[in-house]
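Now for the letters of each chain:
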Amino acid sequence: MQIFDNHGRPISYLRLAVTDRCNLRCFYCMPEEGVQFLPKPHLLTFEEMLRMAGILAELGITKIRITGGEPFVRRDLMHFLGKLVDISGVQEVSITTNGVLTKPHLKELKELGIRKINLSLDTLDRERFHEMTRRDELPKVLDTFYALLENDFKLKVNAVVMAGKNDQDILPLAALSKENEVSVRFIEEMPFNGSGINKEAFMSHTRILNALRTEYPEIQKVQDELHSTSSNYRIPDFKGLVGVIAAFSRTFCGSCNRIRVTPMGLLKTCLYDDGVLNLRDLLRGEPDDERVKAELLEVFQKRPKDGFEAEKKRSSLVSESMTTIGG
Ligand code: SAM
Ligand code: SF4
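**Student:** Would you mind showing me how to read the sheet that holds strand β5 (residues 154–161) here?
**Tutor:** Sheet strands line up and pair through hydrogen bonds in the backbone, either parallel or antiparallel. In space, the twelve strands of this open sheet follow the order β7-β8-β9-β6-β5-β4-β3-β2-β1-β10-β11-β12, with mixed pairing throughout. Across the chains shown, the open sheet's two edge strands, defined by having one partner strand only, are β7 (220–221) and β12 (277–278). Relative to β12, strand β11 (residues 266–268) is paired through two bridges, and the arrangement is antiparallel. Pairing of Leu266 across the sheet is with Asn278, part of β12. Docked against the sheet, helix α2 (residues 77–84) engages β1 (13–17), β2 (63–67) and β3 (92–97), running at close to 175° with respect to β2.

**Student:** Sorry, what's going on with the site of ligand 1 here?
**Tutor:** Around ligand 1 there are 19 residues in total, and Tyr28, Gly69, Thr97, Ser120 and Met190 lie nearest to it. Measuring from an oxygen atom of ligand 1, one finds a backbone N or O atom of Thr97 at 3.2 Å. Burial of ligand 1 by the surrounding chains reaches 95%, relative to a free accessible area of 540 Å². Residues of the shell around ligand 1, tallied by class, amount to six nonpolar, ten polar and three charged.

**Student:** What exactly am I supposed to notice about the pairing of strand β6 (residues 182–188) here?
**Tutor:** Regular strands place their side chains on alternate faces of the sheet. Along β6, seven of the seven residues are buried, which leaves the element largely enclosed by surrounding structure. By the alternation rule, side chains of β6 split into Val182, Val184, Phe186 and Glu188 and Ser183, Arg185 and Ile187, which are all buried. Relative to β6, β5 runs parallel, the two being bridged by seven bridges. When the sheet's bridge partners are listed, Asn158 is paired in β6 with Arg185. With five bridges connecting them, β6 and strand β9 (residues 241–245) associate as parallel partners. The partner of Phe186 across the bridge, within β9, is Val244.

**Student:** Would you mind showing me how to read the nonpolar core here?
**Tutor:** As a rule of thumb, nonpolar side chains are buried together in soluble globular proteins. By size, the foremost hydrophobic cluster in this structure holds 100 residues, and its most contacted members are Ile66, Phe80, Leu81 and Phe186. Among the elements that line this core, the one with the most residues is helix α1 (residues 46–58), at eight residues. In this view, Ile66 contacts Leu16, Val18, Pro71, Leu77, Phe80, Leu81, Leu84, Val93, Ser94, Ile95 and Thr96; residues no more than four positions away in its chain are not counted.

**Student:** Looking at this model, I keep getting lost on the site of ligand 2. Mind explaining?
**Tutor:** Close to ligand 2 lie Cys22, Leu24, Cys26, Cys29, Met30, Gly69, Asn98 and Thr323, which account for all nearby residues. Along the lines of polarity and charge, the residues of the shell around ligand 2 split into five nonpolar, three polar and no charged.

**Student:** Hey, could you run me through the pairing of strand β10 (residues 258–261) in this one?
**Tutor:** Here β10 shows no split at all, with Arg258 and Arg260 on one side and Ile259 and Val261 on the other all buried. In sequence, β10 turns back onto β11 through a hairpin of four residues, with Gly265 there showing a positive phi of about 85°.

**Student:** Could you clarify how one ought to interpret the packing of aromatic side chains in this entry?
**Tutor:** Geometry of an aromatic ring pair is reported as the spacing of the ring centres plus the angle between the planes. Across all of its chains, the model carries six aromatic pairs by this definition. Between Phe192 and Tyr272, the aromatic rings sit 5.4 Å apart at their centres with planes inclined by 55°, giving tilted as the arrangement. Remark: Tyr272 occurs in the loop between β11 and β12 and Phe192 occurs in the loop between β6 and α8 (205–215); sequence separation between them is 80 residues. Note on accessibility: Phe192 and Tyr272 belong to one class, buried. When the ring centre of Phe248 is taken as reference, the NZ or CZ atom of Arg250 above it lies at 5.1 Å. Arg250 extends its terminal NZ or CZ atom over the ring of Phe308, reaching a point 4.1 Å from the ring centre.

**Student:** Would you mind showing me how to read α1 here?
**Tutor:** For the α-helix, the turn length of 3.6 residues means that residues three or four positions removed from each other point alike. Under the 1.5 Å per step criterion, the end-to-end length of α1 is 18 Å for 13 residues, consistent within 8% with the ideal 18 Å. Summarising burial for α1: ten of the 13 residues are buried, a large majority. On its buried side, α1 packs onto β1, β2, α2, β10, α9 (279–285) and α10 (289–300). Trailing α1 by a residue or two, Gly60 shows a phi angle of about 110°, which is positive.

What counts and what doesn't
Residues numbered from 1 in each chain as written. Chains lettered and ligands numbered in written order. Predicted model: local features only at pLDDT ≥ 70, side-chain atom pairs only at ≥ 80, totals over all residues. Heavy atoms only, no water. Pairing = 2+ DSSP bridges. Helix = DSSP H or I, 4+ residues; strand = E, 2+ residues; numbered from the N terminus. Contact = heavy atoms within 4.5 Å. Axes fitted to C-alpha atoms, helices over the stretch in contact; angles between N-to-C directions. Near = heavy atom within 4 Å. Polar contact = N/O pair within 3.5 Å; in protein donor to acceptor, adjacent residues only side chain to side chain. Areas by Shrake-Rupley, 256 points an atom, 1.4 Å probe, with all protein chains shown as cover. Nonpolar A, V, L, I, M, F, W, Y, C, P; charged D, E, K, R; others polar. Buried < 20%, exposed > 50% of the residue type's maximum accessible area, 1.4 Å probe, protein only. Core = buried A, V, L, I, M, F, W, Y, C linked by side-chain atoms within 4.5 Å. Phe/Tyr/Trp six-rings, centres within 6.5 Å; stacked < 30°, edge-to-face > 60°. Lys NZ or Arg CZ within 6 Å of the ring centre and 35° of its normal. Expected span 1.5 Å × (residues − 1).

What follows is the structure, given as structure tokens:
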């Protein structure tokens, strides 16, 4: 079964945030202090997530990306993943991680068939990493980076780029794709940081691309995968790719196939909406999967056409931390 939304787009990809907690404090994502994490009863349990994933798989979700907060801070994650990969219809499970706690799990991830990892890494400079994430963990993240490559994971690096903060890291990060088969993707900052956007630091996808073009005038556009949010390029003689993600400019909504479930079980049919269905309460109160399905189908027919429409319909301004959504 494949469900299409009210704009004719297939819905086939779930981004599932398994926790709102994190071992880093990236300044563009969450405040340094005073973060109110959700009490445990408010979080979806792994059992609830598995039931939900099964229902969504019957509606045509084939890909699930695990995100957070930091997925690896949630206890028993590996056990959960072992069950998730076995759900009928789920063809691919992937993970987005900051890499601090990831390396010890690579062998088991490989055994589970989880091969696609997105690693968030905004700078290769240890001091700047410490400043941006408020934790001195770059060596562990780099260890994970190299271990992922050695173990043949399909690796993408995600870097949020902000003028005057880490724009000097664009070229060193892009250079990771010279000798390694890795896609390095530069993301526009969004206002999901706990307070609202830092306009002075905003760097658009065109500006990011210009910085790459200035250094590498021969950079070539490559064909993007279907539903890709990144616009991808190859620098001649580089093994990997570089890409830009217009996350704030929202240029890719027309082919968006993704939905999100937050750690507290809110369903989002657009990153910029403020939640369209409380799946947690629905799952807890409704033993009949068919009724849950019916509610899902209803909201899938009310998807905003793009992130601007979704933002307009919100009851509050975009400012919540990305840890409460999952990116
Ligand atoms: N902790 C994991 C990590 O950092 O990879 C997974 C969760 S994190 C919220 C998912 C992605 O969202 C990361 O790549 C991160 O860089 C990105 N992100 C967080 N806050 C953002 C913001 N305000 N604007 C753009 N991207 C953001
Ligand atoms: Fe944590 Fe990821 Fe947010 Fe950084 S971007 S604070 S690693 S959830």
